Structure formats: C-alpha cells, structure tokens
Amino acid sequence: MRILIVGCGYVGLALGRRLSSSGAEVLGLRRQGDPDGAMAAAGIQPLCGDLTQPADLEAIPGDFDAVVCAVSSSRGGAEAYREVYLGGARNLIEWARHRRVGRMVSVSSTSVYSQTDGSWVTEDSPVEPAGETGRLLVATEQVFTEAHRAGLVATQIVRVAGIYGPGRGHLFQQFLAGQARREQSQGQNQGRWINMIHRDDVASALEAVMLRGDPGRTYNAVDDEPVLQGAFLEFLAQETGLPLPPVAEPMAGPSTRKRGTTHKRVSNRRLSEELGWKPRFPSYREGYAADIAACVANPGAV
Ligand SMILES: NC(=O)c1ccc[n+]([C@@H]2O[C@H](COP(=O)([O-])OP(=O)(O)OC[C@H]3O[C@@H](n4cnc5c(N)ncnc54)[C@H](OP(=O)(O)O)[C@@H]3O)[C@@H](O)[C@H]2O)c1
C-alpha cells in the first residue's frame, strides 16, 4: 500500500511507524519537513509542504491507496482552525479530484459532542458544539462527508478523544507541575467525565478504519473507560505519592476552554464491534503505568 499522512506530528508519526513496519510505503507531509529526523527513523518518507497551499499538494508525487489527514492547528484559535482544518479539507478534496486516492481518513475530535448531562454518546448522538472551534470541526467533517456523498473520494471520519502518551497528557502534565485543580462542575463533587486515548491506540484505530472501515462512516476513537476528573486526580495522587490537587475556585465568567465544559461519556462500541478494534491501553491505569513508574523512580524527571 502507498499511504500519505498529511500533518505527520505526534499521532501521524506513530501511525506512519506502524504502517511502514507492516510493509506499506508511507509518505509524511508537514511544513517543516523532517527537522529532527523522526520521520526517517520511523520509516516515513518526509515531504515538506503546507496543506493550506494548493501548489504544495500538487507537488506531491503519485497516487495513494490511502490518505490520512492528521494535521493540527498548532494550538491556534478559530482563525487557525478555519485555515488549517476547513481550508485544508477543501484543498485536499480538490487535490484528490486529480489523483487516484483509494481512501481518505480525517482525524476529528470528540469535542464536537457538547453533551453536559453525563450521558453516553455515540456517533449518532447530536453534534452541536457551543464554541466556534467546535463548529469549524463540524464544518470540516462536512467537507469530507459531502465529498464522499458526491462520489469524489471515499472518506471516513475518526473522532478522537483527549490524546495522551509519551510527553503528552494535559491533565497529567498539570498535575506534575502542581497546577491541576479538582473541578466540581456539573453538580458532581468528582467533576466531569473525561474521555482519553493513548497515542498508540489512536494509531491502531486509524489503521483499522483505513483498512476495514466502511467508506462514508464516522468512528469514535476512545478507550474503554471514561473517568471523572476528580477520580483521575485521586488515582494520580495515590500512585505517585504527590499531593491531591486542591478544589478549583468557582469560575467567574463563561468558560474559555476550547472543549468547553462538557460532561459526557464517549462510546467506542462501533469501532470495537464493527472493526474488532481493541485498545492496547483499555484505561488510564494501563496507559499511564509507565509514566507513573518513571515518576516514582525519579521524581521531577517526567
Ligand atoms: N491532542 C488531543 O488531545 C487531540 C484530541 C482530539 C483530536 N486531536 C486531533 O488529532 C490530530 C493530530 O494531533 P497531534 O497531536 O498529532 O498534532 P501535532 O503533534 O501538532 O501534529 C500535527 C502536525 O501537523 C503539521 N502541520 C500543521 N499545520 C500544517 C499545515 N498547514 N500543512 C502541513 N502540515 C501541517 C505539524 O507540523 P509543522 O508545524 O511542521 O507543519 C505537525 O507535524 C489533530 O487533528 C488534532 O486536532 C487531538
């Protein structure tokens, strides 16, 4: 198979390493090329180019059995979302009209679900994000979905939960830095549900969707066990021996978080039942074991 990963960063590298080790020819695109040699070390052929520039896409050689779009907004706000996700999606679909592209998988986010009642959400649940960045992700998904409906290219959407893994994991990093706070929102003294997935399981989920998923279908990629924010912090405090973070001060104004203050449990049932996908790290307990062991062995080094 010949596969292109557009936006070959934290997730793209893990996916590319996995695909190239199973014999695929993998090309990875990012604006900076391969500055630290990570793509080459993962068996990925580096390409230097910007998804927002159609000429850069045109310069990519050949046809592809699959294209995975795992680009990120580089922590930018709504304007970056509009340019990179929405504009990038339109550029990719236009580019694919002049190539043979077997599949196109777009990485989206479970932040498109805005539920606040603690309910389970599936791919069929309503998608009505409150914030502008969430709405831009929905608009981006629609570009891919409509291209599939119009018969331009077979697309799939993968809505990914909060990613953690080596060097990543927002709440864990905050906890280690002593900056985490226990939220007591949504009328819960343990705070809201958080939904996570290890980087390596994102890679295996993307591979499963690309190889075995139905064209035109959307899949959630998340581990087996949502956890309440307070329970997760209690777990980290217990396992590391570090202090339990204090309770957060009530917020004065509306939340400025990109993901908003949602309270929902995201189901991976479609991915597991239809595609036989199983996470290697079914919950935060297995996924954080290595980082916690390193933290206990050498406090301050993680
Ligand atoms: N982090 C999370 O918790 C989370 C949760 C749900 C979904 N996601 C989604 O998962 C995807 C992958 O995330 P990640 O953590 O792997 O992101 P990442 O580490 O920031 O990697 C993204 C890559 O995209 C490249 N890139 C950015 N703009 C580009 C452009 N205009 N043209 C070409 N390449 C570009 C970046 O390299 P250059 O800077 O060199 O271009 C980088 O290598 C993103 O879509 C993200 O929104 C993330």
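Residues numbered from 1 in each chain as written. Predicted model: local features only at pLDDT ≥ 70, side-chain atom pairs only at ≥ 80, totals over all residues. Heavy atoms only, no water.

Draft legend 1. Broad picture of the site of the ligand. Taken together, 25 residues sit near the ligand, with Arg30, Arg31, Val71, Ser72 and Arg168 positioned nearest. At 2.8 Å, a backbone N or O of Val11 approaches an oxygen atom of the ligand. Only α1 (10–21), β5 (101–109) and β8 (162–164) provide two or more residues apiece to the shell around the ligand. Counting residues per element, the shell around the ligand draws most heavily on β5, at 3 residues. Of the residues belonging to the shell around the ligand, the class tally is 11 nonpolar, 9 polar and 5 charged. (Near = heavy atom within 4 Å. Polar contact = N/O pair within 3.5 Å; in protein donor to acceptor, adjacent residues only side chain to side chain. Helix = DSSP H or I, 4+ residues; strand = E, 2+ residues; numbered from the N terminus. Nonpolar A, V, L, I, M, F, W, Y, C, P; charged D, E, K, R; others polar.)

Draft legend 2. The arrangement of the packing of α1 against helix α7 (residues 199–212) in detail. Running from N to C, α1 and α7 cross one another at 60 degrees; their axes reach a closest spacing of 9 Å. Put simply, α1 runs oblique to α7. Seen along the crossing, α1 lies across α7 with a hand that is right-handed. Counting all contacts with α1, which are made through Tyr10, Val11, Ala14, Leu15, Arg18 and Leu19, the residues of α7 involved are Arg199, Asp200, Val202, Ala203, Ser204, Leu206, Glu207 and Met210. Split by residue class, the contact of α1 with α7 holds 9 nonpolar, 1 polar and 4 charged. (Axes fitted to C-alpha atoms, helices over the stretch in contact; angles between N-to-C directions. Parallel < 35°, antiparallel > 145°, perpendicular 65-115°, else oblique. Left-handed = near helix turned anticlockwise from the far one by under 90°. Contact = heavy atoms within 4.5 Å.)

Draft legend 3. Broad picture of empty space enclosed by the protein. Inspection of the entire model under this criterion finds 1 cavity of 30 Å³ or more. Taken as a whole, the largest cavity spans an internal volume of roughly 90 Å³. Looking at the lining of the largest cavity, the elements that each hand over two or more residues are α4 (78–96), β5 and α5 (132–149). (1 Å grid on protein atoms, 1.4 Å probe; cavity = no way out; pocket = protein on both sides within 12 Å on 5 of 7 lines; lining within 4 Å. Points joined across faces, edges and corners; volume = space filled by probe spheres on them.)

The analysis is restricted to geometry; functional conclusions fall outside its scope.
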